[in-house]
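# Close look at the chain arrangement
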Amino acid sequence: MKTSPLKSQLLIVATALLLATPLTAVEVDDFDSIQRYTLKNQSGMTVSVTNYGAIITSIVVPDRNGKMADVALGYNRVEDYINAVDRPYFGAIVGRYGNRIAQGKFTLDGKTYSLAANNNPNHLHGGNIGFDKVVWDAKPIEGQNAIQLSYLARDKEEGYPGNLQIRVTYTLTDDNAILVDYHATTDQATPVNLTQHTYFNLKGEGEGTILDHELMLNADRYTPVDATAIPTGELPAVAGTPMDFTKPKPIGRDIDKKNQQLEFGRGFDHNWVLNKPDDKQAMTLAARVYEPTSGRVMEVHTTEPGIQFYCGNFLDGRLIGKAGKPYVHRGGFCLETQHYPDSPNQPGFPSTILRPGKTYQTQTSYRFSTR
């Protein structure tokens, strides 16, 4: 496609994404309306997004020598997202509640709600057909290098109360940052916890494991879990444990140490309690990742109180990515900014309840650079 030499430009690509065979596991309305949108900035970085699941399908950024690579795991065809084994949630917006709710139940204002136990025995990432499995309305934002996606989750959808109107905006800046802005309103009280579920490999998608990536998490505490990955309610210090990423260290350094929490998660798959200033809603540093062979660096800033670090423990080589390479065990990591798991059942955690007349509004940025 021929483009004008604008400082920033938005490329809209309608892709041929129709399946050759009928859908069996998931019903999708207006399936022929699925499109892919590509944002490009002045330095050549590109971010592609599809309105199926509000998925980021690719993030192409330079290494220290200027060589470009796609650092986001995913696919070129929507049918591959739909049919992926073990539902990896590559690149998607997940909700209505990202992460787990114990036993698929919560009580709100005296009424108990039952949700799908799709991560036995718990509820995970919004249920059987969460926000990652629906078609969003999408439109470019005039005058900005941004795409806005919206979705109305109706009352009782996946068991949740209230009609929830959601808007997610992806913006690509000229200093190589992806801004993710979340906005939601409701007509009934309901839990809301949206997050972005991209898997990253800063060497390039499909280029082996992420165990040599050096990670820093701006968190002195974390939320330990039971054997089903539900928080115990405690907020212990990370100091002296494999969970300590307060100083940068390779992801693989402690991952196989004998530790009950690592055994429960098959590695790192936990929520860290971010160090926040007095202004709890301020945009603050959550994580920094450095990949030594490419020199790529990714910093995560967020208004959220927590971040889930997951290092691809359930990837096993069966999923074949965009470059035709298998996604091996620990071949990607996620940094999901969020409220804590199971908050509707944990009164000691920050509340995730959104009520009529109030607005759910959070922001996260993923900024790329090199050194």
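Residues numbered from 1 in each chain as written. Predicted model: local features only at pLDDT ≥ 70, side-chain atom pairs only at ≥ 80, totals over all residues. Heavy atoms only, no water.

### Describing the pattern of salt bridges
Inspection of every chain in the model, using the stated rule, returns 16 salt bridges. Here Lys 258 makes a salt bridge to Glu 263, at a shortest N to O gap of 3.8 Å. The partly exposed category is assigned to Glu 263, whose relative accessible area is 47%. Members of the salt-bridge network, linked through shared partners, are Arg 77, Glu 79 and Asp 80. (Salt bridge = Lys/Arg side-chain N within 4 Å of Asp/Glu carboxyl O. Buried < 20%, exposed > 50% of the residue type's maximum accessible area, 1.4 Å probe, protein only.)

### Observations regarding the UniProt feature "active site" (unreviewed entry) in the protein
Per the UniProt record, "active site" (unreviewed entry) is found at His 197 and Glu 336. Spanning 140 residues, the named residues form one tight spatial group whose C-alpha atoms are at most 6.0 Å apart. The residue His 197 is located in the loop between strand 16 (195-196) and strand 17 (214-217) in this model. Those residues within four positions of His 197 in sequence are excluded, and the remaining contacts are Pro 88, Tyr 89, Phe 90, Gly 91, Ala 92, Val 94, His 125, Cys 334 and Glu 336. Examined against the element boundaries, Glu 336 turns out to sit in strand 24 (residues 334-338). Those residues in contact with Glu 336 that lie beyond four places of it in its chain are His 125, Thr 195, Gln 196, His 197, Gly 306, Ile 307, Gln 308 and Tyr 310. At 3.5 Å, the side chain of Glu 336 forms a polar contact with the side chain of His 197. (UniProt positions renumbered as here; feature names shortened; annotations may be inferred. Helix = DSSP H or I, 4+ residues; strand = E, 2+ residues; numbered from the N terminus. Contact = heavy atoms within 4.5 Å. Polar contact = N/O pair within 3.5 Å; in protein donor to acceptor, adjacent residues only side chain to side chain.)

### Considerations on the packing of aromatic side chains
Applying the stated criterion across every chain yields a total of 21 aromatic pairs. With 6.1 Å between their ring centres and 90° between their planes, Phe 131 and Trp 136 make a pair best called edge-to-face. With relative accessibility at 3%, the residue Phe 131 sits in the buried group. Taken together, the ring pairs in this structure connect Tyr 75, Tyr 81, Phe 90, Tyr 199, Tyr 310 and Tyr 327 into an aromatic cluster. Over the face of the ring belonging to Phe 245 we find Lys 249, whose NZ or CZ atom lies 4.4 Å from the ring centre. In this arrangement the basic side chain of Arg 371 is found over the ring face of Tyr 290, its NZ or CZ atom lying 3.6 Å from the centre. (Phe/Tyr/Trp six-rings, centres within 6.5 Å; stacked < 30°, edge-to-face > 60°. Lys NZ or Arg CZ within 6 Å of the ring centre and 35° of its normal.)

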